[in-house]
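So the chains spell out like this:
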Amino acid sequence: CEWIDRLAPKAFAVVAIGTCATYGGIHAMQGNPTGAMGLADYLGWNFRTKTNLPIVNVPGCPVQPDNFMETVLYLLFFAAGLAPVIPLDEQLRPTWLFGKTVHEGCDRAGYYEQGDFAHEYGSSKCLVKIGCWGPVVNCNVTKRGWMAGIGGCPNVGGICIACTMPGFPDKFMPFMDEPPGGSISSVASGIYGRVIRNLRRITNHSVNQEPKWRHPGSRLTTGYHPHTYGFSTSG
Ligand code: SF4
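Because the structure is predicted, anything quoted here is derived from the model rather than measured.

Enquirer: What exactly am I supposed to notice about the site of the ligand here?
Expert: Taken together, Val102, His103, Cys106, Arg108, Ala109, Cys126, Leu127, Val128, Cys132, Gly134, Pro135 and Pro154 make up the full set of residues near the ligand. In terms of residue class, the shell around the ligand is made up of 9 nonpolar, 2 polar and 1 charged.

Take a look at the structure:
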């Protein structure tokens, strides 16, 4: 804390990287003997740098590397007078990085919508019933991926345990249990989704067939009417 006390008042920008630095994370969970906390809890949520910038939080356990580098780059553009003040949400996260939920970018969201859920790992279906918190978690990892655009927890079979959230980990434990709200919404989408899935199966079967006029022989059955275009082929 001594270094924070000495550096923060002189800093151009104060950036917390990772969920421990932003909100306390695992070190600040219930029952911890350390009194650990995130930077905004320590300096105050209304803290301003000498350039009048709020603290910038880039959470994640660990932080998604491109999210961090992009935030630093944005602040450098701001320092050069080439970008406006960084847009942050109430938890001081860059809005363009954390404005959407994991669920909104998830490869498996189509399964959720159709009420088609995994009940064990290794399935390609939606993971909500085995503990995914994606529908209520602000994080772009399903869109951005992890390394070079590849990965992103649910996209590659891992449940979202909400590691970018201020309530992490306490509010999301025990991990791997179905989230309480998830059972209500998944029951609803399970009923609706089953109907939609069956209707789509019928339509899918239909559009998987070629139109009936594609057949050998000289007889044209496409429905083409030459008179429509003002001339006739007869005579
Ligand atoms: S796996 Fe998680 S994030 Fe993906 S669709 Fe299911 S609930 Fe949403």
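Enquirer: I'm lost on the packing of aromatic side chains in this one. Help?
Expert: Geometrically, a pair of aromatic rings is defined through the distance of the ring centres and the angle of the planes. Here the structure, examined in full by the defined rule, presents 6 aromatic pairs. Ring geometry for Phe12 against Phe78: centres 6.1 Å apart, planes inclined by 50°, an arrangement best described as tilted. Of this pair, Phe12 sits in the loop between helix H1 (2-7) and strand E1 (15-17) while Phe78 sits in helix H4 (residues 65-79), placing them 66 residues apart in sequence. Seen from their ring centres, Tyr112 and Phe117 are 5.8 Å apart, and the 80° between their planes marks the pair as edge-to-face. No difference in accessibility class separates Tyr112 from Phe117, as the two residues are buried. Of note, Arg6 hangs over the ring of Trp3, and the distance from its end group to the ring centre comes to 4.7 Å. The aromatic ring of Phe117 is capped on one face by Lys129, whose charged end is 5.6 Å from the ring centroid.

Enquirer: Explain unusual backbone geometry to me, please; I cannot follow it from the model alone.
Expert: With omega at 5°, the peptide bond leading from Cys61 into Pro62 counts as cis. With respect to the helices and strands, the residue Pro62 is situated in the loop between strand E2 (56-58) and H4. Even without glycine at this site, Ala148 takes up a positive phi of about 50°. Take Ala148: it is sitting in the loop between helix H7 (141-144) and helix H8 (180-207).

Enquirer: Hey, could you run me through the nonpolar core in this one?
Expert: Nonpolar side chains tend to gather and get buried jointly when the protein is soluble and globular. If you look at the biggest cluster of nonpolar residues, it comprises 15 residues, and the most contacted ones within it are Leu127, Val137, Ala162 and Phe172. Setting aside residues no more than four positions away along its own chain, Ala162 makes contact with Trp133, Val137, Phe168 and Phe172. The next biggest cluster of nonpolar side chains, apart from the first, holds 11 residues, and it includes Val58, Tyr74, Ala83 and Ile86.

Enquirer: What's the story with H8 in this structure? I'm lost.
Expert: Residue pairs spaced three or four apart in an α-helix point in one direction, given the helix's 3.6 residues per turn. Compared with the 40 Å implied by 1.5 Å per residue over 28 residues, the 39 Å span of H8 between its first and last C-alpha is a close match. The largest bend along H8 reaches roughly 30° and is located at Gly193. Buried residues of H8: Gly182, Ser186, Ser189, Gly190, Gly193, Ile196 and Arg197, and no others. Those residues of H8 that are buried are in contact with helix H6 (109-113).

Enquirer: Explain the pattern of salt bridges here, please?
Expert: The full count for this structure, using the stated rule, is 8 salt bridges. The salt bridge partner of Glu2 is Arg6, with a shortest N-O separation of 3.3 Å. One end of the pair is Glu2 and the other is Arg6, both in helix H1 and 4 residues apart, which spans about a single turn. For Glu2, a relative accessible area of 52% gives the class exposed. A salt bridge links Glu178 to Lys129; the shortest N-O distance between them is 3.2 Å. Here Lys129 lies in the loop between H6 and H7 and Glu178 lies in the loop between H7 and H8, a separation of 49 residues in the sequence. Each of the salt bridges in this network shares a partner with another, and the network as a whole consists of Asp116, Lys125 and Arg197.

Cut-offs applied
Residues numbered from 1 in each chain as written. Predicted model: local features only at pLDDT ≥ 70, side-chain atom pairs only at ≥ 80, totals over all residues. Heavy atoms only, no water. Near = heavy atom within 4 Å. Nonpolar A, V, L, I, M, F, W, Y, C, P; charged D, E, K, R; others polar. Phe/Tyr/Trp six-rings, centres within 6.5 Å; stacked < 30°, edge-to-face > 60°. Helix = DSSP H or I, 4+ residues; strand = E, 2+ residues; numbered from the N terminus. Buried < 20%, exposed > 50% of the residue type's maximum accessible area, 1.4 Å probe, protein only. Lys NZ or Arg CZ within 6 Å of the ring centre and 35° of its normal. Core = buried A, V, L, I, M, F, W, Y, C linked by side-chain atoms within 4.5 Å. Contact = heavy atoms within 4.5 Å. Expected span 1.5 Å × (residues − 1). Bend = angle between axes of the 7 residues up to and from the residue. Salt bridge = Lys/Arg side-chain N within 4 Å of Asp/Glu carboxyl O.

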